[in-house]
Every structure is written in structure tokens, then in C-alpha cells.
Amino acid sequence: MAVRLLVIGSGGREHTLAWKLAQSPHIQQVLVAPGNAGTANCGKISNSEVSVSNHSILAQFCKEHSVGLPSETAAQLEASKSFSKAFMDRHGIPTANWCSFTDPQEACSYIRTASFPALVVKASGLAAGKGVIVAKDQEEACQAVLDIMKVYVCVSVMAAVCPPCPRPRTTNACRTGTWAPTRVVSQELLQQIRETVLQKTVDGMKEEGTPYVGVLYAGLMLTKQGLKVLEFNCRFGDPECQVLMPLLKSDLYEVLQSTLEGKLASSPPEWHQDRSAVTVVMASPGYPGSYKKGVAITGLSQVEETGVQVFHAGTSLKEGGVVSSGGRVLTVTAVRSSLEMALHAANRGVAAVGFPGAVYRRDIGHRGIAHLAQHRGLTYKDSGVDIAAGNRLVDMIKPFAKATSRSGCNAELGGFAGLFDLKAAGFIDPILVSGTDGVGTKLTIAQACQQHSTLGQDLVAMCVNDVLAQGAEPLFFLDYFSCGRLDVGVASAVIRGVAEACCLAGCALLGGETAEMPGVYGPGEYDLAGFCVGAVERGALLPRLGDICEGDLLIGVASSGVHSNGFSLVRKVLERAGVTYSSPAPFGKPGQTVGEVLLTPTKIYSRLLLPILSSGAIKAYAHITGGGLLENIPRVLPQELSVDLDASRWIIPPVFSWLQEEGGLCEEEMGRTFNCGLGAVLVVAFPDAQSVLRKLQAHEDAWIVGSLAHKQPGAEPVVIRNLKHSLRLGPSPCCIVCVSGTNLQALMEQTKRTSSSAEIVVVISNQPGVLGLKRASLAGIQTRVVDHKLYGSRAEFDGTIDHVLEEFDVEVVCLAGFMRILTGSFVRKWNGKLLNIHPSLLPSFKGVNAQKQALQAGARVSGCTVHFVAEEVDAGAIIAQEAVPVLMNDTEESLSDRIREAEHRAFPAALELVAGGGVRLGDDGRIIWNPNAQG
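Predicted model only: the values in this text are computed from it and were never measured.

Quick look at the overall build of the protein chain
Here's step 1: Helix and strand counts for the protein chain come out as 30 helices and 35 strands.
Here's step 2: Taken over the C-alpha atoms alone, the protein chain extends approximately 125 × 75 × 55 Å along its principal axes.
Here's step 3: Evaluated residue by residue, the protein chain yields a buried proportion of 50% over its 935 residues.
Here's step 4: Excluding contacts between residues fewer than 6 apart, the proportion of contacts in the protein chain whose partners are at least 24 apart in sequence is 74%.
Here's step 5: For the protein chain, the centre of its 82 positive side-chain charges and the centre of its 89 negative side-chain charges are spaced 4 Å apart.

Here it is in C-alpha cells:
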């Protein structure tokens with residue numbers, strides 16, 4: 001039969017009992033009266049409105065619900081100190097000398113003449129744990145008697161069984177934490193407690209006709225005179241209950257039933273072995289004196305997600321949130337395999353609770369830890385190496401590694417070494433390629449931000465991308481994780497990230513090493529290293545130095561940001577700028593912190609590049625790692641060739657612009673330290689460049705960023721033009737004037753990227769209801785309709801558009817599907833700021849029906865051109881072009897479709913060049929590649 005239980009009280013002890021009872025399958029509901037925020041509507045547990053202050057109502061409630069209680073006489077062991085002291089004297093139970101008084105003057109006289117130091121004054125009745133004073137001298141003890149007897153009828157004066165408290169009038173009620181099991185108590189002492197205290201108490205109550213059935217908690221103290229009983233409680237201790245219940249393996253309801261039925265001896269409770277529990281009490285500032293109530297408390301659910309239990313004491317609900325309502329507010333309890341781990345977990349839980357001004361101790365359990373360390377033989381764990389934790393880690397990461405299995409190996413962990421079958425992987429005449437790397441001081445940022453999961457991809461990427469530079473397919477990976485003290489949660493997060501990155505790279509996580517080295521690393525610190533082995537058929541090995549020649553083009557593949565190099569300089573810039581990892585990022589997406597942006601993982605290029613590498617079109621591949629653009633590209637080139645890069649041809653992420661500006665970094669320092677937006681650079685022949693670029697751009701941002709030339713004597717191996725100007729922060733306001741067409745969508749997608757130099761601030765159309773306006777509105781871009789049919793002349797129409805452009809402070813105007821001829825005055829005013837795209841390779845096939853013209857002329861190549869708008873139609877200076885071959889069976893429609901795809905690439909690229917300052921229109925109407933930005 002399902003049972004409903006009532007737990008009376010509102011503290012941490014009552015929450016704990018309700019929590020444990022609710023785990024019983026026998027229990028239907030646990031009512032707590034009056035309860036607290038922790039017992040309010042929590043599964044089987046809910047608060048009851050029954051009045052606990054009206055004893056008659058409460059007694060009637062208990063009778064109606066068959067709730068059993070200790071007898072009134074038995075309960076006097078706690079309720080009356082005079083009764084309990086006299087009882088202990090009658091039955092030879094060791095306790096301090098004492099005497100009870102109802103007259104304060106007699107009590108004071110006794111204090112001054114007693115043959116023992118009568119310095120402890122206790123109210124005889126219940127005083128909520130606050131009725132005892134340990135005085136420093138007789139005068140203070142007498143004052144305590146007078147103060148207490150203003151409230152209570154009777155006091156007990158006892159011998160001081162401990163040294164007087166150095167602070168006057170200090171109560172013993174500020175119970176700040178506890179731990180269990182208490183292994184500092186010897187078996188001999190435990191046996192003495194059972195025989196001389198507990199058994200004598202039970203036997204004495206039975207002899208006096210009031211058998212004791214229930215919970216009996218004895219407060220004990222060891223003195224020079226031996227064991228002494230301070231007091232009895234007829235209930236669980238608080239906060240002792242909070243460590244006992246989590247360690248109780250048995251069903252608490254069944255234990256209570258066995259107690260009531262007298263069967264406890266035959267069915268003793270079972271406890272979790274090899275477990276320790278620590279409870280830390282969080283109190284209101286000012287407790288046990290006056291304190292503020294109603295303080296908001298946050299973060300409780302996040303704490304419990306870590307396996308730490310928070311038992312509420314002085315809390316209540318207010319407007320859906322938890323607030324403080326008492327002195328002892330929360331008891332944070334952790335159960336772990338050792339006392340040290342439990343203490344560490346409890347303290348981390350306390351630190352994670354949002355409770356402003358909370359008071360708590362940080363040394364709960366330290367005495368027990370010191371005792372255990374002193375009295376047991378040394379183990380490897382005592383030296384700081386936890387083999388059991390290491391084994392748990394291996395068990396946790398085995399499924400991660402298994403998921404990386406591929407042809408050639410099954411990625412099973414646990415052996416002495418890993419095996420890989422090259423033949424099974426399909427290789428015929430392979431050369432093995434190996435690479436090793438770490439992630440540098442990016443670790444420091446991850447550890448400071450407590451964000452460990454992304455480092456695995458950094459580690460794998462740094463090794464895999466190096467192996468790719470030889471043309472090799474990454475086959476398997478091994479990791480090395482070293483730390484001072486193994487945190488299984490942190491280590492598993494890192495290695496899970498490694499495994500997931502191996503899946504992205506197409507290689508197996510074949511093995512690894514976890515090294516716990518106490519004294520080498522500080523708390524929370526660890527280091528990583530990775531090892532990748534790949535293979536390449538002998539004839540496909542890169543770089544092909546004999547094939548690389550002057551005139552070859554360089555294709556850059558976008559990085560995700562800083563990747564994993566240069567972080568020592570990054571951290572120095574942050575320090576100089578006074579920026580923390582938790583600060584809002586002045587670069588990156590809205591809402592991101594500096595730490596989040598900097599921890600963006602390194603891109604892995606294997607799946608992107610391997611199919612293109614296998615085509616033979618790539619002569620060399622440089623991984624832009626430590627040493628930046630200036631030092632890595634020459635590593636794959638013949639010494640007689642030099643590199644000419646143009647930074648205006650690719651998008652540089654804002655993080656690099658910010659670092660350069662805040663750090664005052666020169667162009668050479670930027671180019672030698674960072675990737676500046678390019679994670680990989682490919683060397684291709686001129687005829688293959690467009691084909692390779694299209695394949696890359698189908699999956700990743702990529703650009704033709706430069707070319708190779710013969711190196712002059714004494715010249716630098718790498719020159720980066722326009723770097724300074726391209727690092728300029730801030731997008732240029734851009735306007736799109738459109739009617740229809742899909743180029744608008746391509747431009748919007750480009751400017752959405754955080755690395756874009758342009759921002760679309762308004763879209764203007766001369767026709768209402770067109771698709772372009774709808775697309776802009778859905779993207780949150782302002783729109784305007786300037787209907788030409790409403791204007792009497794072209795000049796009036798153009799004047800209105802001009803007014804809108806000035807309203808939005810537009811710097812660049814893109815014409816997308818806008819077919820109206822603009823007036824000469826308008827074009828002259830916006831000269832160098834108007835961009836148009838035409839579906840041919842100008843100056844060929846100007847005007848309308850360009851595709852038809854190309855087919856009729858028998859042209860073998862067509863394409864698109866982005867140009868500045870001039871007064872003469874389709875005659876402005878050319879910014880960018882992309883060729884599109886004309887096929888033998890092409891129709892006007894099929895050719896238009898392929899040219900349109902090229903437009904979607906060329907128009908955004910041209911916009912970035914203009915908005916980023918890479919190109920401008922000279923006074924003579926010709927293109928100028930910004931000379932002021934040359935490095």
C-alpha cells in the first residue's frame with residue numbers, strides 16, 4: 001500500500017529526510033510542514049499547510065494519519081536538560097558536573113562557589129539550538145543566567161568540558177558543516193560509546209518504564225577526564241543528517257518501520273561502502289546575529305547537474321524564484337569515492353551558487369583528511385596519482401574512440417599499441433607521413449574560461465593539416481594529456497573533442513596517454529600534444545617542387561580566426577587593452593565574449609582538400625601555422641621563387657583588425673605571427689585556378705590571393721600588399737538598388753559574415769512588391785520604394801534616390817537587376833561608389849541580350865564583369881571578372897544560368913574589394929589598387 005508521510009520542520013534536515021523518503025517505492029507522497037523552497041512541489045515532495053505551531057491540530061493530524069512519535073517521557077531526553085542530566089547521573093552515563101536552577105540568584109551564587117569551573121549555562125528547555133552560552137569567566141556566566149531566565153524558567157549550569165571560547169557570548173549553534181564517515185574515531189572508542197552511553201541510555205529508559213523507540217542522537221566530547229555526553233537529541237542532527245542520508249543504502253522508510261516494529265537488530269541498515277560525504281552550510285551574512293532576508297539565490301539547478309545535492313534550510317519562494325528566509329540557508333552536499341574528492345566537489349558546488357554575501361567555511365573535513373593521511377600506509381594516490389580515476393577515464397572515452405573506426409583499424413583502446421592495416425585502407429605503394437603538434441597557450445584561455453571541449457579539434461587540426469601538406473590522407477591519431485591532478489570530467493571533455501575531430505578529419509583515434517604528474521602543473525592546469533600518421537602514394541607526394549613555376553596562382557582557404565598560433569601575443573594585447581575573457585567581444589558575433597571568439601576551433605581541411613589533391617591540380621599546399629603567412633608559404637616553394645600576396649583579395653576576420661589596432665602591431669608582425677584569415681594556401685597552375693576555386697567555394701570561402709614570381713636577389717620571399725588597409729575595422733554602409741534577380745541574395749549572404757567589410761543598410765526598388773524587397777525585409781534590412789512612374793522626369797527620380805542614399809549615409813551602391821539609365825549628374829555625384837554587374841566579359845557584348853550576342857558571335861568564353869558605373873553604359877572601370885566557358889550545346893538559357901552562378905561569386909568579391917578599400921576609382925577613371933596600403 002502506498003504511504004503518505006508528514007515531515008515536520010523547515011530546515012535542511014527536513015529537506016534531506018523528505019528527499020530520502022521520496023526514493024522509497026512504498027511512499028506515495030511526502031508532506032513537509034511548513035517546508036521550504038526545496039520541498040515545494042518537487043516530485044513526490046510537497047509542502048503542507050497544516051499548522052505546526054498549533055500542537056492540538058498537529059497531534060490530531062498525526063493521529064488521523066497514524067503518525068507515531070516517541071513518548072512524552074522519552075522525549076524529555078532532549079526537551080529537558082535537567083531531566084537528561086539527572087537521568088545520566090542515575091544510570092552512570094558520563095557527563096559534566098551540573099546543577100539546575102529556577103532562581104537566577106541561586107544559580108549565580110553556585111557559579112561563584114562551585115568546586116568546578118561552572119562556565120556553561122544552558123536553558124533547560126528547547127531553545128532552537130541557541131540557548132547555550134560558553135562563558136569566559138564567572139561574571140559572564142552569571143550575566144548569561146540573567147539573560148536566559150528572562151525567557152526560560154530553568155537553567156542548567158555545567159562544568160566547562162572544553163576551553164572557554166575566546167569570544168564572549170558565542171553560541172554553539174552555528175553548525176557550519178560536517179563530513180562522514182568519521183574514520184578518526186577508533187573502533188575501541190566506538191565500542192565505548194555504544195556500551196557506556198547508547199546502551200546504558202536505552203536500558204535506563206526501559207528500566208524506568210519508558211522504552212525509547214526512535215532516533216537518538218548523542219552530542220559527545222572527548223576530554224582529559226574521558227568521554228562526556230553534552231546532550232541528547234531525539235531526532236537526526238542538522239547538518240549531520242545531510243551526510244548520513246546520502247550514504248544510507250537502505251530504504252529509509254523500511255528502516256523506520258523496522259525500528260517501530262522492534263526488528264532493527266535483525267534488519268540493520270546498509271551503507272554505501274567506500275564513499276564519503278561532505279556538507280557545507282551556507283549562512284546569511286550576520287548569522288547567528290541579525291541578518292537580511294529575501295536575498296535572491298540563483299544557480300541551484302546548475303549545481304545539482306554536477307552531482308552535488310543542495311538541501312534547502314532557510315529558503316522560500318518569491319515570484320517564482322528562491323530567496324533566503326533564515327540564518328542557515330543552504331546545505332551543499334557532495335558524495336564521492338574519497339573524502340578529498342567529496343570536499344572538493346562540495347566546495348565547487350558552494351562556489352557555483354549565486355548567493356551574494358554568503359558565509360561558509362572552506363575547511364570542513366580537513367582534519368579528517370589530515371588524520372587519514374597520517375594514520376594509513378601510503379598509496380600511489382597519496383602521491384597524487386589516481387589510477388582508479390585514470391581507469392574511469394579510459395572507460396568513458398572508449399565509446400568515443402570506437403566511433404572513429406575506419407578502414408584499416410577498429411580503434412579499440414586498451415592494448416599496449418595500436419595497429420593499422422595499410423593494405424586494408426587501399427594503399428598500394430604508400431609513404432608514411434607523420435606530424436606532431438600542440439595547441440600552445442590557447443590552453444590557458446580554455447582553462448580560464450572552463451571551456452575544454454573545443455581544444456580537441458584544435459589539437460587534431462594542427463596535426464592533420466600538417467600531414468595534408470605532404471599530400472597525405474590522415475589515417476590515425478594519438479593524443480597525450482598531462483596534468484597535475486586528473487579531473488575526469490575535464491579530461492573526458494577534451495578527449496571527446498579529439499574523437500569528434502578525428503571523425504571530421506577521417507582518421508581513427510587509435511590510442512593515447514594520460515599522464516598525472518603532481519607538482520609539475522598547478523591546480524586546474526593541463527597540457528596537450530597530438531600525433532597524426534597519414535599515408536600518400538609515392539607518386540602523389542607534395543610539394544611537387546619541379547612543377548612549381550613563375551606565374552602559378554595562389555588560392556587561399558579561409559581560416560576560422562586565430563586558429564592555434566600566436567596566443568602568447570594575443571594574451572599580451574588583451575592585457576595591454578585591459579580586456580578580460582568574459583568581456584563582450586569587440587569582434588565576432590553579437591553576444592559573444594572575448595574568450596568565446598578566441599576559442600573558435602581551428603578548421604580541419606582534410607575532407608575539403610583530399611578530393612582536390614587526388615585530382616593532381618594542386619602543386620603544393622602550405623598550412624598557415626606558427627610563423628604566419630610570411631614563413632609558411634616559402635616552406636613549400638623552390639628557393640628561386642617569391643610570393644606576391646594581395647590582402648585586399650580575401651576577407652580578414654575582425655579579430656585580426658582588433659589585435660593589430662590595440663597592440664599597435666606592424667604589418668610584418670601580423671604577417672609573421674598570424675594567419676590573417678587564411679588557414680591554407682594552395683599553389684595551382686593558371687589554367688586550373690578557376691576550376692579548383694569553384695570546387696573549394698562549394699564548401700568553404702576561398703579566393704585567388706596572389707601569384708608566384710621570380711625572386712630577385714635580396715628580395716623578401718613573401719610580400720603582402722594592402723595588408724594595412726585591409727585590416728581596417730568596421731564595415732562600409734552599402735545600398736542595394738534592385739528590381740529583381742538573385743544577386744541581392746548573394747550580396748546579403750556575403751555581408752552577413754562577421755568578416756565582411758560591408759553592411760547593407762537599405763535596399764531600394766523602383767517597383768513595389770518585388771522579391772528583393774521581401775528578401776531584405778526578412779533579413780531585417782530597411783527597404784524603400786521609389787516608383788519611377790510617380791515622377792515626371794529622370795532627374796526627379798534620381799534626386800529622390802539620392803536623398804535616400806544620404807539619409808542612410810551610404811558609401812557604396814550596388815545595382816542588382818536595376819535596368820533604368822541613371823542621369824549623368826547622379827553618376828558624377830556618386831562616381832567611384834556605384835557598382836554594376838554585366839553578364840559578359842566587358843568590353844565585349846555590351847548592352848542587353850549579352851548571352852545571345854555571345855552565342856551569335858561564336859564566342860568560346862563568356863562570363864561576368866563587375867565595374868564602376870560611368871555615364872556611358874557598360875563602360876566603367878572593371879573591378880572583377882569571372883570567365884564562363886561556352887559549351888557546344890549551350891542555349892541562351894543554359895549559358896545564362898552558369899553566368900548567373902559566376903555573378904553570385906564575383907559581385908560579393910568586388911563589393912568586398914571596394915568596401916574594404918582594396919580598390920578605388922582614380923581621377924582618370926582607371927582602377928587603383930590602393931598604394932597607401934602596400935607593405
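Here the narrative resumes.
Some details on the nonpolar core
Here's step 1: Counting residues in each nonpolar core, the largest one holds 110 residues, and the members touching the most others are Phe477, Leu629, Leu645, Trp650 and Leu696.
Here's step 2: Looking at which element gives the most residues to this core, the answer is helix α16 (residues 488-505), with 10 residues.
Here's step 3: Setting aside anything within four residues of it in sequence, one finds leucine 696 in contact with Ile555, Val557, Leu608, Leu609, Ile612, Leu682 and Ala702.

A word on the sheet that holds strand β16 (residues 328-336)
Here's step 1: If you walk across this open sheet you meet the four strands as β8-β11-β16-β13, and the pairing is antiparallel. The open sheet is flanked by β8 (177-180) and β13 (309-312), the only strands paired with a single partner. Mean inter-strand twist for the sheet, computed between neighbouring axes without regard to direction, equals 15 degrees.
Here's step 2: In terms of strand pairing, β13 meets β16 through four bridges, oriented antiparallel. Across the sheet, the residue bridging to phenylalanine 311 is threonine 331, located in β16.
Here's step 3: Sheet strands in contact with helix α8 (residues 240-247) are β8, β11 (276-283), β13 and β16, and its direction is about 145 degrees off that of β11.
Here's step 4: Packed onto the sheet, helix α11 (residues 339-352) meets β8, β11 and β16 and runs at close to 25 degrees relative to β11.

Examining the confidence of the model for the protein chain
Here's step 1: Averaged over all residues, the pLDDT of the protein chain is 87; the fraction at 70 or higher stands at 92%.
Here's step 2: Contacts for the low-pLDDT stretch residues 160-174, under 50 throughout, to residues beyond four places or in other chains number 33 contacts.
Here's step 3: Across residues 931-935 the pLDDT falls below 50, and counting only partners more than four positions away or on other chains, this stretch makes 14 contacts in the model.

What about the sheet that holds strand β14 (residues 315-318)?
Here's step 1: Strand order in the open sheet made by the three strands is β12-β15-β14, with antiparallel pairing throughout. Every interior strand has two partners, whereas the edge strands, β12 (296-297) and β14, have only one.
Here's step 2: Here β14 runs beside strand β15 (residues 321-324); their pairing, made up of four bridges, is antiparallel. Residue pairing for β15: threonine 315 is matched across the bridge by serine 324.

Comments concerning the pairing of strand β31 (residues 834-838)
Here's step 1: The buried fraction of β31 amounts to five of the five residues, a majority that puts the element mostly inside the structure.
Here's step 2: Burial of the side chains of β31 extends over both faces: Leu834, Asn836 and His838 are buried on one face and Leu835 and Ile837 on the other.
Here's step 3: The pairing of strand β30 (residues 812-816) with β31 spans three bridges and is classified as parallel. Looking at the pairing, leucine 815 lines up with asparagine 836 of β31.
Here's step 4: For the segment spanning β30, helix α28 (residues 824-829) and β31, crossover handedness is right-handed.
Here's step 5: As judged from the four bridges shared by β31 and strand β32 (residues 861-868), these two strands associate in the antiparallel manner. Bridging across to β32, isoleucine 837 finds its partner in valine 866.

Regarding the pairing of strand β26 (residues 718-721)
Here's step 1: Side chains Val718 and Ile720 project from β26 onto a buried face, and the interleaved Val719 and Arg721 project onto a face without burial.
Here's step 2: Bridge analysis of strand β23 (residues 641-646) against β26 gives four bridges, and the strand direction is parallel. Directly across from valine 643, in β26, lies its bridge partner valine 718.

Focus on the packing of aromatic side chains
Here's step 1: All told, the structure shown has 10 aromatic pairs when counted by the stated rule.
Here's step 2: A centroid spacing of 6.2 Å and a plane angle of 65 degrees characterise the contact between tyrosine 287 and tyrosine 291, whose relative ring orientation is edge-to-face.
Here's step 3: Judged by its relative accessible area of 13%, tyrosine 287 falls in the buried class.
Here's step 4: With a relative accessible area of 29%, tyrosine 291 lands in the partly exposed category.
Here's step 5: Taking 5.0 Å as the distance between ring centres and 20 degrees as the angle between the ring planes, the aromatic pair formed by phenylalanine 481 and tyrosine 526 counts as stacked. Of this pair, phenylalanine 481 sits in strand β18 (residues 473-483) while tyrosine 526 sits in strand β20 (residues 526-537), and the two are 45 residues apart along the sequence. Comparing phenylalanine 481 with tyrosine 526 shows no difference in burial state: the two are buried.
Here's step 6: A cation over a ring is seen here: arginine 90 above phenylalanine 83, with NZ or CZ 6.0 Å from the ring centre.

Quick notes on the pattern of salt bridges
Here's step 1: Taken as a whole and assessed by the stated rule, the structure comprises 30 salt bridges.
Here's step 2: Measuring nitrogen to oxygen at the nearest pair gives 3.1 Å for the salt bridge that ties glutamate 631 to arginine 672. Placement of the pair is glutamate 631 in helix α20 (residues 628-632) and arginine 672 in helix α22 (residues 667-673), with a sequence separation of 41 residues.
Here's step 3: Salt bridges sharing common partners tie together Asp644, Asp646, Arg649 and Arg721.

Things to note about unusual backbone geometry
Here's step 1: Here the bond from tyrosine 287 into proline 288 is cis, since omega is 10 degrees, no more than 30 degrees from zero.
Here's step 2: Note that proline 288 resides in the loop between β11 and β12.
Here's step 3: The amide bond that connects leucine 842 to the next residue, proline 843, takes the cis arrangement and shows omega of 15 degrees.
Here's step 4: Residue position: proline 843 is located in the loop between β31 and α29 (850-857).
Here's step 5: Not every positive phi belongs to a glycine, and asparagine 41 is a case in point at roughly 55 degrees.

Examining helix α14 (residues 442-449)
Here's step 1: All of the buried residues in α14 are Lys442, Leu443, Ile445, Ala446 and Gln447.
Here's step 2: The inward-facing, buried residues of α14 contact α15 (455-468), β20, α17 (567-577) and α18 (594-598).
Here's step 3: Residue glutamine 450 follows α14 closely and has a positive phi angle near 55 degrees.

Section: the environment of glutamine 697
Here's step 1: Examined against the element boundaries, glutamine 697 turns out to sit in helix α23 (residues 689-697).
Here's step 2: The exposure class assigned to glutamine 697 is partly exposed, which follows from its relative accessible area of 29%.
Here's step 3: Sequence-wise, glutamine 697 and arginine 905 are 208 residues apart; in three dimensions their C-alpha atoms are separated by 8.8 Å.
Here's step 4: Not counting residues up to four positions away in its chain, the partners in contact with glutamine 697 are Ala702 and Arg905.

Some remarks on α11
Here's step 1: Helix length check: α11, at 14 residues, gives a terminal C-alpha distance of 20 Å against a target of 20 Å (1.5 Å per residue), a fit within 8%.
Here's step 2: Looking at α11, one finds that the buried residues are Leu339, Ala342, Leu343, Ala345, Ala346, Gly349 and Val350. Take α11 and look down its axis: the buried residues cluster within an arc of 165 degrees, on one side only.

A look at the state of the cysteines
Disulfide: a covalent bond formed between the sulfur atoms of two cysteine residues.
Here's step 1: The final tally for this structure, using the stated rule, is zero disulfides.
Here's step 2: Note on cysteine 409: no disulfide assigned, nearest cysteine sulfur contributed by cysteine 507 at a separation of 9.1 Å.
Here's step 3: The thiol of cysteine 676 is not disulfide-bonded; the next cysteine sulfur, from cysteine 666, is found 11 Å away.

Rules of the game
- Residues numbered from 1 in each chain as written.
- Predicted model: local features only at pLDDT ≥ 70, side-chain atom pairs only at ≥ 80, totals over all residues.
- Heavy atoms only, no water.
- Helix = DSSP H or I, 4+ residues; strand = E, 2+ residues; numbered from the N terminus.
- Buried < 20%, exposed > 50% of the residue type's maximum accessible area, 1.4 Å probe, protein only.
- Contact = heavy atoms within 4.5 Å.
- Lys, Arg positive; Asp, Glu negative; His and termini not counted.
- Charge placed at Lys NZ, Arg CZ, Asp CG, Glu CD.
- Core = buried A, V, L, I, M, F, W, Y, C linked by side-chain atoms within 4.5 Å.
- Pairing = 2+ DSSP bridges.
- Axes fitted to C-alpha atoms, helices over the stretch in contact; angles between N-to-C directions.
- pLDDT = per-residue confidence, 0-100.
- Right-handed = clockwise from strand over helix to strand, strands pointing away.
- Phe/Tyr/Trp six-rings, centres within 6.5 Å; stacked < 30°, edge-to-face > 60°.
- Lys NZ or Arg CZ within 6 Å of the ring centre and 35° of its normal.
- Salt bridge = Lys/Arg side-chain N within 4 Å of Asp/Glu carboxyl O.
- Expected span 1.5 Å × (residues − 1).
- Arc of directions from axis to C-beta.
- Disulfide = S-S within 2.5 Å.

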